[in-house]
Amino acid sequence: MGTQRKSLVHWFRKGLRVHDNPALSETFKVARDSPDEFCVRPIFILDPGILDWMQVGANRWRFLQQSLADLDLQLRKLNSRLYVVRGKPIEVFPQLFERWHVHLLTYETDIEPYAVTRDATVQKLAAAAGVKVDTHCSHTIYNPELIIARNMGKAPVTYQKFLSIVEKLKLPKALDVLPRLPDGMQPVKDANEVNDTKVYDCPTLEQLVKRPEELGDNKFPGGETEALRRMEASLDDEVWVAKFEKPNTAPNSLEPSTTVLSPYLKFGCLSARLLHRRLQDILARHPKHSKPPVSLVGQLMWREFYYTAAAADPNFDRMLGNAYSLQIPWQENSDHLEAWAHGRTGYPFIDAIMRQLRQEGWIHHLARHAVACFLTRGDLWISWEEGQRVFEQLLLDQDWALNAGNWMWLSASAFFHQYFRVYSPVAFGKKTDSTGAYIRKYVPELAKYPAGCIYEPWKATLSAQREYGCVLGVDYPHRIVDHDVVHKENIKRMSAAYKVNREVRTGKEEVDEYELKSQGNAKRKARAVATGRTAKRKR
Ligand code: FAD
């Protein structure tokens, strides 16, 4: 009987969880309704080729490996298992459809352009093989397409507008716990498994992490079990939840001052709908609570906001051709970029943040503000796309829509336009850590510097530097730029770029060459970039 049963395949991509997973629940339901006819095969497709070229650091590979191992464990508790299939989806599926007599394929929808293209191809392959496909939107609370439809076909470009739309929508409910499959429903082994019993096993750490020397402490282990534990721990103090205001949390506390649920939401180890419902339950018990944009619900709404905006523009992660982004004549400077990415700018607060990111894979939101502003409009005048790429590699929570959206915000390229408000790489960190304990932890060369100059080591005399055991230019770099000087110049450049973008957008492109000359270089460059006449696309 077993060999004749058709397979119901659930394809995990993000959404690495069994709770509140509508596409997975559907396969389970169909199987339970007709146990003699069907069996369930949940799969994850791993293309070994991507290990060599994908911009993913060792810490995130480990997070994925742990998440897959935990997912397999959770599925086994439900009388199923995870089948990890090696290969490229479009090559793998035609074989699976045939080998497993697939009847139904389910998966969670994804807005990322490469996924949209890939999924369209898979749907065609499925149609050709007579396989039914069902998809569900469950990575976000609301379906971005629905919000766009409610806003006359356009994504809302302000958070308030976004809120006003979702407030009128029915709040999708998180699903109940998934019941176990009845005993005896396991699929029979296929020929590959008969040959090699481990063929569909989860990858080991050694298989996924090619550069183990880059691994930092395993502070945030991957997986649904840890996601749910972390959510419960975060929600335990209901008063903290009810009073949460993001601007009052610290970028440089030694332990995180926010939930660090982002890596779990990114991989879908945690359902955003479940977290949202749990937050709503708590707020109902604490009527005097903070509100969006600063509350915890407000944080989830930022996630929804950027997802919706990103869903409407496949060029969301680049400046050229991006409907949201202003065109700004950023400059290339590989030395500065390298110094920033590796925490060697000579600004201890900036360097501490970048080193924490490299070691642990997570940094606080306001710390991200500080380093993103420093790289772009604040100090180095380097494109947000470069910063996005470094974050793409190092963040555990790297998310196409959120990374790009926030980089555009911080570089004042979109969504936020007060470019004259620049973070000081010295004063900002002092507000919440006057003694510099955070710097001492992540930039240990400076550990002996007193609080008075740990944010500005260049203020120490050479003999004092020797006494503290860290001489600038020898043990720790000199500042690569002088913030007090460059940030003022950059505000002027920003002002020129804004003016030109406004002119281009309102159709006044034909600016008099004479006028351009008199406005100087900054405006000329800005105009060339804004009109797309010089810029070259990098990817
Ligand atoms: P909490 O404050 O506990 O918030 C709860 C959840 O709300 C987060 O887990 C996250 O899913 C969501 N959230 C909070 N703030 C934001 C925000 N500004 N935008 C979107 N969602 C938010 N977040 C990512 O998840 N992936 C990224 O790739 C990413 N890149 C960023 C790049 C830059 C330059 C900046 C400034 C921010 C970026 N963020 C990104 C947003 C934000 O910094 C993180 O989501 C947040 O710091 C995660 O920590 P947490 O889980 O403790 O957040």
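An account of the accompanying structure is given in this report. The structure presented is a predicted model; accordingly, all values stated were derived computationally and were not measured.

**Concerning the packing of helix 16 (residues 348-360) against helix 17 (residues 365-378)**
Then, number 1: The N-to-C vectors of helix 16 and helix 17 enclose an angle of 115°; their axes lie 10 Å apart at closest approach. Relative to helix 17, the element helix 16 lies roughly perpendicular. By crossing handedness, the relation of helix 16 to helix 17 is classed as left-handed. Residues Phe349, Ile350, Ile353 and Met354 of helix 16 pack against Ala367, Ala370, Val371 and Phe374 of helix 17.
Then, number 2: Partitioning the contact of helix 16 with helix 17 into residue classes produces eight nonpolar, no polar and no charged.

**Considering helix 10 (residues 224-235)**
Then, number 1: For helix 10, which comprises twelve residues, the first-to-last C-alpha distance of 16 Å matches the rise-based estimate of 16 Å (1.5 Å per residue) to within 8%.
Then, number 2: Contacts made by the buried residues of helix 10 are with helix 3 (58-77), helix 11 (238-243), helix 12 (262-266) and helix 13 (272-285).

**Overview of the side chain of Asn501**
Then, number 1: Counting through the fold element by element, Asn501 comes out in helix 24 (residues 483-505).
Then, number 2: Taking the relative accessible area as the measure of exposure, Asn501 reaches 4% and is therefore buried.
Then, number 3: From its side chain, Asn501 meets the backbone oxygen of Gln327 in a polar contact 2.8 Å long.
Then, number 4: Here Ala497 takes part through its backbone oxygen, which lies 2.8 Å from a polar atom of the side chain of Asn501.

**A word on helix 1 (residues 22-33)**
In an α-helix there are 3.6 residues to a turn, and that puts residues three or four apart on one side.
Then, number 1: The terminal C-alpha atoms of helix 1, which comprises twelve residues, lie 16 Å apart, in line with the 16 Å expected from a rise of 1.5 Å per residue.
Then, number 2: Within helix 1 the residues assigned to the buried category are Pro22, Ala23, Leu24, Ser25, Glu26, Thr27, Phe28 and Ala31.
Then, number 3: Those residues of helix 1 that are buried are in contact with strand 1 (6-12), strand 2 (38-46), helix 3, strand 4 (102-108), strand 5 (132-136) and helix 13.

**A word on the pattern of salt bridges**
Then, number 1: Enumeration according to the criterion identifies 29 salt bridges in this entry.
Then, number 2: Of the charged contacts in the structure, one is a salt bridge between Arg17 and Glu108, with a shortest N-O distance of 3.9 Å. In this pair, Arg17 sits in the loop between strand 1 and helix 1 while Glu108 sits in strand 4, placing the two residues 91 residues apart along the sequence.
Then, number 3: When its relative accessible area of 1% is taken as the criterion, Arg17 is described as buried.
Then, number 4: The network of salt bridges with common partners includes Arg13, Arg118 and Asp119.

**A few points about the side chain of Arg60**
Then, number 1: For Arg60, the location among the structural elements is in helix 3.
Then, number 2: Despite being buried, Arg60 has no salt bridge partner; Glu392 is the closest side chain of opposite charge, sitting 6.0 Å away.
Then, number 3: A distance of 2.7 Å separates the side chain of Arg60 from the backbone oxygen of Leu395, its partner in a polar contact.
Then, number 4: Residue contacts for Arg60: discarding those within four places in its chain leaves Gln55, Lys266, Phe267, Glu392, Gln393, Leu395, Leu396 and Gln398.

**A few points about the sheet that holds strand 1**
Then, number 1: As summarised here, the arrangement of the five strands in space is 3-2-1-4-5, forming an open sheet in which the pairing is parallel. Because the sheet does not close on itself, it has two edges, and the strands there are strand 3 (83-86) and strand 5. Shown here is a sheet whose adjacent strand axes are inclined to one another by a mean of 30°, direction ignored.
Then, number 2: Sheet analysis places strand 2 next to strand 3, joined by four bridges and oriented parallel. From the neighbouring strand, Ile43 faces strand 3, where its bridge partner is Tyr83.

**Overview of the site of the ligand**
Then, number 1: Taken together, the neighbourhood of the ligand is formed by 29 residues, with Thr258, Thr259, Val260, His365 and Asp397 sitting nearest.
Then, number 2: Here an oxygen atom of the ligand sits 3.3 Å away from a polar atom, N or O, in the side chain of Arg368.
Then, number 3: Here Asp397 contributes a backbone N or O atom positioned 2.8 Å from a nitrogen atom of the ligand.
Then, number 4: In isolation the ligand offers 830 Å² of accessible surface; the protein chains occlude 99% of this area.
Then, number 5: Those elements giving two or more residues to the shell around the ligand turn out to be helix 12, helix 14 (296-311), helix 17 and helix 19 (400-410).
Then, number 6: Per-element accounting of the shell around the ligand gives the leading share, six residues, to helix 14.

**Considering unusual backbone geometry**
Excluding glycine, residues mostly have negative phi values, and the peptide bonds linking residues are mostly trans.
Then, number 1: Residues Pro292 and Pro293 are joined by a peptide bond in cis, for which omega reads 10°.
Then, number 2: Residue position: Pro293 is located in the loop between helix 13 and helix 14.
Then, number 3: Located in the positive-phi region is Asp20, a residue other than glycine, with phi close to 40°.
Then, number 4: Following the sequence through the fold, Asp20 ends up in the loop between strand 1 and helix 1.
Then, number 5: Asp20 sits in the buried class, given a relative accessible area of 3%.
Then, number 6: Unusually for a residue other than glycine, His101 sits at a positive phi of about 50°.
Then, number 7: Positionally, His101 belongs in the loop between helix 4 (89-99) and strand 4.
Then, number 8: Residue His101 is classed as partly exposed on the basis of its relative accessible area, which comes to 46%.

**Regarding the pairing of strand 5**
Then, number 1: Looking at chain direction, strand 4 and strand 5 are connected through five bridges and run parallel. Note on strand 5: the bridge partner recorded for Tyr107 is Thr135.
Then, number 2: Handedness of the β-α-β unit built from strand 4, helix 5 (residues 113-128) and strand 5 comes out right-handed.

**What about the environment of Ile491?**
Then, number 1: With respect to the helices and strands, the residue Ile491 is situated in helix 24.
Then, number 2: Setting aside chain neighbours within four positions, we find Ile491 in contact with Tyr419, Phe420 and Val422.

Criteria and cut-off values
Residues numbered from 1 in each chain as written. Predicted model: local features only at pLDDT ≥ 70, side-chain atom pairs only at ≥ 80, totals over all residues. Heavy atoms only, no water. Axes fitted to C-alpha atoms, helices over the stretch in contact; angles between N-to-C directions. Helix = DSSP H or I, 4+ residues; strand = E, 2+ residues; numbered from the N terminus. Parallel < 35°, antiparallel > 145°, perpendicular 65-115°, else oblique. Left-handed = near helix turned anticlockwise from the far one by under 90°. Contact = heavy atoms within 4.5 Å. Nonpolar A, V, L, I, M, F, W, Y, C, P; charged D, E, K, R; others polar. Expected span 1.5 Å × (residues − 1). Buried < 20%, exposed > 50% of the residue type's maximum accessible area, 1.4 Å probe, protein only. Polar contact = N/O pair within 3.5 Å; in protein donor to acceptor, adjacent residues only side chain to side chain. Salt bridge = Lys/Arg side-chain N within 4 Å of Asp/Glu carboxyl O. Lys, Arg positive; Asp, Glu negative; His and termini not counted. Pairing = 2+ DSSP bridges. Near = heavy atom within 4 Å. Areas by Shrake-Rupley, 256 points an atom, 1.4 Å probe, with all protein chains shown as cover. Right-handed = clockwise from strand over helix to strand, strands pointing away.

Keep in mind that these numbers describe shape and distance, not what the molecule does.
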